[in-house]
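Residues per chain are reported as follows:
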Amino acid sequence: MAASTEECGPGNFCGADDTCHPFSCQNWYELANATYTAYKPSLPLTCNEMVSFNMEFPEVDNAAVVFGCMGYVGSLPPPPYQAFNRRCSRDDADLDSKFVCYEMANGTNFQPFVEEAERILIDPCDPEGMPSIPSFIYQVTISREDQASG
């Protein structure tokens, strides 16, 4: 029986092979439906760690893990947030679509972020919304842009 994203649980997704996999740029690129990733085995990902998030990459809308009542779209939210520090992309100069992914590097120090989140006061969240209390929110946003030909 095929797994579903709900069955896979938080932090996982149901891959094109109908099994659960943890979210990571590499896993998503290789194992998600190629409709979303335009996966090509001949074009592997190249990942680079960054000291801090570099706003020179305007294609990213969700650049951090945030602490609060809701996620965000666009520029970085007010603190506290922990900016993604690893960018993965493939060499796709000859393709009409590209794949770029941001994530946390292995060994990321979350302690300053957690300490800042513990110090701030956030009003209770909207009782009709999710989450009902301030939480750590690691957003996953998927978008696809294809260059129109002709």
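Presented here is an overview of the structure given in this document. These numbers were taken from a predicted model, which means no experiment stands behind them.

### Examining the sheet that holds strand β4 (residues 64–68)
Overall, antiparallel pairing links the three strands, which are arranged β5-β4-β8 in an open sheet. For this open sheet the edge positions go to β5 (81–83) and β8 (135–138), each flanked by a neighbour on one side alone. When strand polarity is set aside, the average angle formed by the axes of neighbouring strands in this sheet is 15°. One ladder, built from four bridges, connects β4 with β8; its direction is antiparallel. Considered in β8, the bridge of phenylalanine 67 is made with phenylalanine 136. The sheet contacts of helix α4 (residues 111–119) involve β4, β5 and β8, and relative to β4 the element is tilted by about 20°.

### Some remarks on the packing of aromatic side chains
Counted according to the given criterion, the structure contains six aromatic pairs. An angle of 35° between the planes, with centres 5.8 Å apart, marks the rings of phenylalanine 23 and tryptophan 28 as tilted. The class of phenylalanine 23 is partly exposed, set by a relative accessible area of 33%. Overall, the relative accessible area of 15% leaves tryptophan 28 in the buried class. Linked through ring pairs, Phe13, Phe23, Trp28 and Tyr36 together constitute an aromatic cluster.

### Considering the sheet that holds strand β7 (residues 100–103)
Backbone-to-backbone hydrogen bonds pair the strands of a sheet. The strands run either parallel or antiparallel. The strand order β3-β6-β7 describes an open sheet built from three strands, whose pairing is antiparallel. Taken across any chain shown, the strands that pair with only one partner, and hence form the sheet edges, are β3 (45–49) and β7. Adjacent strand axes in the sheet meet at a mean angle of 20° when their direction is disregarded. As paired strands, β3 and strand β6 (residues 86–90) are joined by five bridges and run antiparallel to one another.

Rules behind the numbers
Residues numbered from 1 in each chain as written. Predicted model: local features only at pLDDT ≥ 70, side-chain atom pairs only at ≥ 80, totals over all residues. Heavy atoms only, no water. Pairing = 2+ DSSP bridges. Helix = DSSP H or I, 4+ residues; strand = E, 2+ residues; numbered from the N terminus. Axes fitted to C-alpha atoms, helices over the stretch in contact; angles between N-to-C directions. Contact = heavy atoms within 4.5 Å. Phe/Tyr/Trp six-rings, centres within 6.5 Å; stacked < 30°, edge-to-face > 60°. Buried < 20%, exposed > 50% of the residue type's maximum accessible area, 1.4 Å probe, protein only.

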